[in-house]
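In case you want the letters, here they are:
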Amino acid sequence: MSQSLHRSKSVAVSGVVGLALCICTFAVHIYLAGFEYDAGLAYGNLKLGWLLAGSVLLGAIPALAWVQYQLRTPVLVALGGYLFLLVTSWPNMIDSARSASASATITMFELVLTLWVLPLAIALFFGFVENLLRPTIGRFISVNNG
């Protein structure tokens, strides 16, 4: 019973985080499409599907690592990188959407979302390193506290 409850909790948490990133990506996309096309979607369906699937996986897999294995660095790297790039790229995305040559300019946020496999791999690598260093850090903390 406890095992199935833990499994459903991990699926629920990772699904919520992945869905939140997907909704955020879609909202940014729709907002920017309003500048470029007055209504409708800026990209083709295939590219938009790739971006949305990537944002779901970029949120869900690190969240699953957090709930299932108590690894915090994948979530910090993935979500922190996503939010940092969104905030720093926002003015450039607005300027690009308002200009006539909007399709020629790509921001870091759009690049990272297009190549979402790379930030996901980096986040999981940090989780792997955290998992390797956990026994060493645990011994160091217990020595200093006791």
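Residues numbered from 1 in each chain as written. Predicted model: local features only at pLDDT ≥ 70, side-chain atom pairs only at ≥ 80, totals over all residues. Heavy atoms only, no water.

### Observations concerning the overall build of the chain
If you tally the helices and strands in the chain, you get five helices and zero strands. Evaluated residue by residue, the chain yields a buried proportion of 32% over its 146 residues. Of the contacts made within the chain by residues no fewer than 6 positions apart, 70% connect residues no fewer than 24 positions apart. In the structure as shown, the chain presents an accessible area of about 9100 Å², 72% of it carried by carbon and sulfur atoms. (Helix = DSSP H or I, 4+ residues; strand = E, 2+ residues; numbered from the N terminus. Buried < 20%, exposed > 50% of the residue type's maximum accessible area, 1.4 Å probe, protein only. Contact = heavy atoms within 4.5 Å. Areas by Shrake-Rupley, 256 points an atom, 1.4 Å probe, with all protein chains shown as cover.)

### A few points about the packing of aromatic side chains
Taken as a whole and judged by the stated rule, the model has four aromatic pairs. Relative to Trp-116, the ring of Trp-50 has its centre 5.1 Å away and its plane inclined at 45°; by these criteria the two rings are tilted. Placement of the pair is Trp-50 in helix H2 (residues 45-69) and Trp-116 in the loop between helix H4 (108-114) and helix H5 (117-145), with a sequence separation of 66 residues. (Phe/Tyr/Trp six-rings, centres within 6.5 Å; stacked < 30°, edge-to-face > 60°.)

### Description of helix H3 (residues 73-98)
In a regular helix each residue adds 1.5 Å, so 26 residues correspond to 38 Å; H3 covers 36 Å between its end C-alpha atoms and thus fits that length. At Ser-89, H3 shows its maximal kink, close to 50°; a proline, Pro-91, follows between one and four residues later. Among the residues making up H3, those that are buried are Pro-74, Val-75, Ala-78, Tyr-82, Leu-85, Leu-86, Ser-89, Met-93, Ile-94, Ser-96 and Ala-97. (Expected span 1.5 Å × (residues − 1). Bend = angle between axes of the 7 residues up to and from the residue.)

### Some remarks on the state of the cysteines
Disulfides are covalent bonds that connect the sulfur atoms of two cysteines. This structure, assessed with the given rule, holds zero disulfides. In this structure Cys-24 is a free cysteine whose sulfur lies 9.9 Å from that of Cys-22, the closest cysteine sulfur available. (Disulfide = S-S within 2.5 Å.)

### Remarks on the environment of Trp-66
Within the secondary structure, Trp-66 is located in helix H2. For Trp-66, a relative accessible area of 41% puts it in the partly exposed group. A C-alpha to C-alpha distance of 9.9 Å links Trp-66 and Leu-76, two positions 10 residues apart in sequence. If we skip the residues at most four places from it in the chain, Trp-66 touches Leu-71, Arg-72 and Val-75.

### A closer look at the nonpolar core
Ranked by size, the top nonpolar core spans 17 residues in total, and within it Val-28, Leu-32, Leu-58, Tyr-82, Leu-86, Met-93 and Phe-109 carry the most contacts. Secondary structure elements with two or more residues in this core: helix H1 (2-37), H2, H3, H4 and H5. Per-element tally for this core: the top contributor is H3, with seven residues. Apart from the residues within four sequence positions on either side, Val-28 is in contact with Leu-86, Trp-90, Met-93 and Phe-109. (Core = buried A, V, L, I, M, F, W, Y, C linked by side-chain atoms within 4.5 Å.)

### As for the side chain of Thr-107
As for its position among the elements, Thr-107 is in the loop between H3 and H4. Setting aside anything within four residues of it in sequence, one finds Thr-107 in contact with Ser-89, Asn-92 and Met-93.

### So, the environment of Asp-95
Note that Asp-95 resides in helix H3. You can call Asp-95 partly exposed: its relative accessible area is 49%. Asp-95 sits 63 residues away from Leu-32 along the chain, and the two C-alpha atoms are 9.9 Å apart.

### Some words on a nonpolar patch on the surface
On the surface, Ile-106, Met-108, Leu-111, Leu-115, Leu-118, Ile-122, Phe-125, Phe-126, Phe-128, Leu-132, Leu-133 and Ile-137 cluster together into a nonpolar patch covering about 1200 Å² of accessible area. Contributing elements (two or more residues each) for the nonpolar patch: H4 and H5. The exposure class assigned to Ile-137 is partly exposed, which follows from its relative accessible area of 44%. (Patch = residues over 30% accessible without salt bridge, like charges linked within 9 Å, V, L, I, M, F, W, Y side chains within 5 Å. Salt bridge = Lys/Arg side-chain N within 4 Å of Asp/Glu carboxyl O.)

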